[in-house]
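# Architecture and fold: a report
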Amino acid sequence: MSAPVLVLCNDFSLAAAKTSRHLGQALARLGRTAVVRDTRVLRWACAEAEKVSTPRRDAYEDLVCGKWYKFIFDYGFDTVLSLDLHWLFTSRLMADDDQIRGIHSFWFDDLRTHLKSAPMFPLSPLELINRPKVSHHCYGRGQQEELRLLGVKRVLPSALAAPREYIEANHPCAIRDRIAFIGNPGLPVPPAARALPALAKENLATLRRLAREEILGQLKAGEPTAGWLRQCPQVAELLAAATELRLAQPHTAAITLLVEAGQSHPDAFAFLNRSGVILDAALLVKLVNRYDRPSLVLRLHRRGWLDVYGTPEQWAPYGIVAQPTVPFPRLAAAYQKYAVQLNAANCARDATANEKLFEIAACGRLSINLDSPDVRACYGDDEIALAETDDALEALAERLLKDPDAALAAGVRARQRTAREHLWEHRLQKALA
Amino acid sequence: MNAPHRPSGVLLMSNDMATPFAKTTDFLAAAIERQGIAAYVRDSADARYLTYLFTQEMAPALPQAQEEVAAALRELLAHAGIDTVLSLDLNWCMMPGLFVDDTPINRIHSLWFDDFRSACTSIYNRQFPVEGDTFQRTIKHPKVLHHFYGDSMAEEARLLGFSNQNITRLAAPSELIACDFPCERTDKLVFIGNPGFRGQPHPEAVKMMEAGADIDELRTFSRDAVLKYPDPHTMGWCQEEPELVKLLGVALEARRRFPYRPALQILSLVRTHCPRAFDYANEKGIILDLAFLVKLVNRYDRPAFIHRLWKRGWIDVYSSADEWKHYGVEALPYVLFSELPKYYRKYAAHLNAPNSIRDATANEKLFEIAACGRLSINLDSPDVRSCYDPGEIVLVNSLASLEAAAEQVLRDPDSALTAGEKARQCTAREHLWDHRIASMLPGLGGAKNP
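Notes on the structure follow. Every residue gets a number counted from 1 within its own chain, in the order that chain's sequence is written. Ligands are numbered from 1 and chains lettered from A, in the order in which they are written. Confidence filtering applies because this is a predicted model: local features only for residues at pLDDT of at least 70, side-chain atom pairs given and counted only at 80 or more, and all residues used for totals across whole chains, interfaces and linings. Just so you know, side-chain values use all the structure's heavy atoms and leave hydrogens and water out.

### Notes on the overall build of chain A
Our working rule: Strands here mean DSSP runs of E at least two residues long; helices mean DSSP runs of H or I at least four residues long; both are numbered from the N terminus. Put simply, the radius of gyration uses C-alpha atoms, and a globule should come to 2.2 Å times the residue count raised to 0.38. Relative accessibility decides the category of a residue: with a 1.4 Å probe and only protein chains considered, values under 20% of the type maximum give buried, values over 50% give exposed, and everything between is partly exposed. Working rule for contacts: check all heavy atoms of both residues, and any pair within 4.5 Å makes them a contact. With residues, only the protein chains shown are counted as cover, and all accessible areas are computed by Shrake-Rupley using a 1.4 Å probe. For the purpose of charge, His is not counted, nor are the chain termini; Lys and Arg are scored as positive and Asp and Glu as negative. Where a charge sits is defined by one atom per residue type, namely NZ (Lys), CZ (Arg), CG (Asp) or CD (Glu).
The number of helices and strands found in chain A is 22 helices and 11 strands. A globule of 433 residues ought to have a C-alpha radius of gyration of about 22 Å, and chain A, at 22 Å, matches this closely. The principal-axis extents of the C-alpha atoms in chain A amount to approximately 60 × 60 × 35 Å. Taken across its 433 residues, chain A has 61% of its residues classed as buried. Within chain A, counting contacts between residues at least 6 apart in sequence, those at least 24 apart form 73% of the total. Carbon and sulfur atoms make up 53% of the accessible area of chain A, which amounts to about 16,300 Å² in all. Considering chain A, the positive charge centre built from 54 side chains and the negative charge centre built from 50 side chains are found 2 Å apart.

### Some remarks on helix α12 (residues 263-270) of chain B
Residue and element names in this part refer to chain B. Just so we agree on the cut-off: The arc in question is traced by the directions running from the helix axis to the C-beta atoms.
Residues of α12 that are buried: A263, L264, I266, L267 and V270. Down the axis of α12, the smallest arc covering the buried residues is 155°, so these residues share one side. Where the residues of α12 are buried, they touch α6 (151-159), α11 (243-257), α13 (275-284) and α14 (287-295).

### Structural notes on the sheet that holds strand β2 (residues 38-43) of chain B
All names here are of chain B. Worth spelling out the cut-off: What makes two strands pair is DSSP finding at least two bridges between them. To define axes, lines are fitted to C-alpha atoms, for helices over the stretch in contact only, and angles between the resulting N-to-C directions are given on a 0 to 180 degree scale.
The strand order across the open sheet formed by six strands is β2-β1-β3-β4-β5-β6, and the pairing between neighbours is parallel. The strands lining the two open edges of the sheet, one partner per strand, are β2 and β6 (165-167). Looking at each pair of strands side by side, their axes are set apart by 20° on average, direction ignored. Bridge count between strand β3 (residues 84-88) and strand β4 (residues 107-111): five bridges; the pairing is parallel. Residue S87 lies in a different strand from β4, and its bridge partner there is S110. Of the strands in this sheet, β3, β4 and β5 (144-148) touch helix α22 (residues 433-440), which is tilted by about 140° from β4.

### Some words on the pattern of salt bridges
Test applied: In what follows, salt bridge is the name for a side-chain nitrogen of Lys or Arg lying within 4 Å of a carboxyl oxygen of Asp or Glu.
What the rule picks out here adds up to 77 salt bridges over all chains. When the shortest N-O distance is used, the salt bridge between E57 of chain B and R56 of chain A registers 3.6 Å. Taken as a pair, E57 of chain B in the loop between α2 (45-53) and α3 (62-80) and R56 of chain A in helix α3 (residues 54-75) lie in two separate chains rather than in one. Here E57 of chain B falls in the partly exposed class, since its relative accessible area comes to 42%. Judged by relative accessible area, R56 of chain A falls into the buried class, the value being 10%. As a salt-bridge pair, D280 of chain A and R112 of chain A come within 3.0 Å of each other at their nearest N and O atoms.

### Things to note about unusual backbone geometry
Residues apart from glycine generally show negative phi values, whereas peptide bonds are mostly found in trans. Of note, the amide linkage connecting E223 of chain A to P224 of chain A takes the cis form, showing an omega dihedral of 5°. Structurally, P224 of chain A is set in the loop between α9 (204-217) and α10 (225-231). A positive phi angle, close to 50°, is found at Q56 of chain B, a residue other than glycine. Position of Q56 of chain B among the secondary structure elements: in the loop between α2 and α3. Despite not being glycine, S319 of chain B shows a phi value in the positive range, around 145°.

Here it is, written out as structure tokens:
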């Protein structure tokens, strides 16, 4: 019997709670005992205590670490695994513990979002996450590149995956004349007022240009970007150049584009780097794609072809009446209810082969995606539907609605491929080898 | 009549400050997953620590802390489609309203592991402050079903007013059934565990063990010791209400004669003889403390069991050396949970004895040893007898018969291994967590073979 594996999640991201459970199940199927635990409450508490007094926070850290130390020792864990850095909440555990031989971060989010949304006891993340026993598994080339440029070591490619239970799910396909989209618009903030009419009639290329104008137009209007410009006015030119590059290369890592643009604007790049805001600048570059997902959803919704499931309040500003969020246990049934699903990446992450790509395929259904190197690397043309543009995507959707049997046949092929190559077991086998 | 509703998702609340609780919670979760139901284990310890953190200058923010903890769990309930909560003891109970007032939750299962008094007084089980009878109302809410692993434990709970209850024995994790570590020691038996009761033994009791006293004599000594060497609390109560001495005297003697009768039941029966003392204890809220004193009649059962074979050089003891040294037993190091199967399998036969504090004798180790295909020698009690037949485990009534049984095992370890194999088969058929889950949760229609 091998030593158990500790899987840490953070329920602040409930999608991570779902995937952490899937990781635990996959480990069990590989003969490893998995123990899943959450860190949300302690992260919240350490941030609250920090606001009041350092000794209070330190005392809380002592209690929490004492508990975790004993827990890790008693269980005899030798491996820790998590999405993002959910394993990292204090500098006093895991990384320096001889008992723990391997720590694996499966990146789900981007580093900036993770660090902003997951408070920790005081530590130096870069030093800790670069310990030799820590491996970072990235699901997108852009994500990988971003981590590398930030100085993260042991960055390995590892696509996301699907849980085996979806391969075994067998719910009927009840709706063949409509497509489904399950998810939120991506960014939790409503679209700019100017973007709404454009979303109703413009294509993706135009919307990306519009998003770029919004980004550049707001640089002086709000903080922290106005502050950057006050200190280094050339930042505006750097961002203009990087976002221009993003228009031409929408799937290239934002940080790579910043580096490239930085060659012509070295002072501005050095300023952003020195100020520790390079990830914030990268996010602005990524926002060029901010309307990708909502525009694809709107386009099919306008034609009356699409049912949308997600947070109704987030879809309302787009004029879409969404059906309620699908809880985890009903996801497989919701995927299988439709012959075709629309899939679109979250613009905040420089990675397009999202978890849904694999989950839809595992459920034996066809997904329509924007073409990107990441997605293409996982499935063939006869397993998923890929479109270069939104016009092409619309045409593809129309064809599929006319021939749902062909869509279902492609879904079966996608499911077979997933069972062979894209389950969490496959990822974990490679990571833990 | 509608078919029972199969849970769509189960939240298991652990308390990782105590690893045995965490370990069993994880076994339960694995058994639930094997039934095809999503199980989410969440630890309550970090939240319980907030009751310490949010004192003094942070006290005004305590309601905010409660809200945060509740929000974290309620969001998980909603997204994961959880309709059932399960925990050992009251690990699910952290603050008023949580789970009992949540509409999606149909049922809360408290699977009792500890006794009620220990669960409520343990420093590990801090709760957010509550007022009045909120705690009682919460734990006796109609949604809450309490499961007790011992008949006496259930009786104790009934006397405490828990009407919504079932007998659900403890069990073994299915992974133990498959483990096949070799049996390396047939020349010694083994005991893995602590002496049970944390306090130091009375030197006279240890002397009696050295002199070969049997279990009845030790119970008699314990009976007398409670009143002869009372702790300061007991002394104070007896000064306030002298009739308490009589009440305790009768109850302690009853426990000596009926060592597996629930302590609380004995106290209730004795009430007719000493009503004033009983009413005093009831009004003062010390009934459970008195029950604890009554249970102490059995406090040397476990140490005497181990000591007897230790003296003969027939046993290896693993666990807290500091606690065993008071009995003159040199214990080997603590066994990590991950190594327990290896150690269970390493020896042909184990000693097993319940913790005297709990009015229940069929402890988890009984099932775990059996799942590993090894023989356990136990004190004979109705709970244990209801789980296994004599061909599968050994039951003894005295230290003399224990010694004889141990000698037999050492002389014929093959028979011990054969009996262990029978115990394993019985466990695989009836005593896995999967079986308990199948009977606890509705709509499962019997356990799937793990």
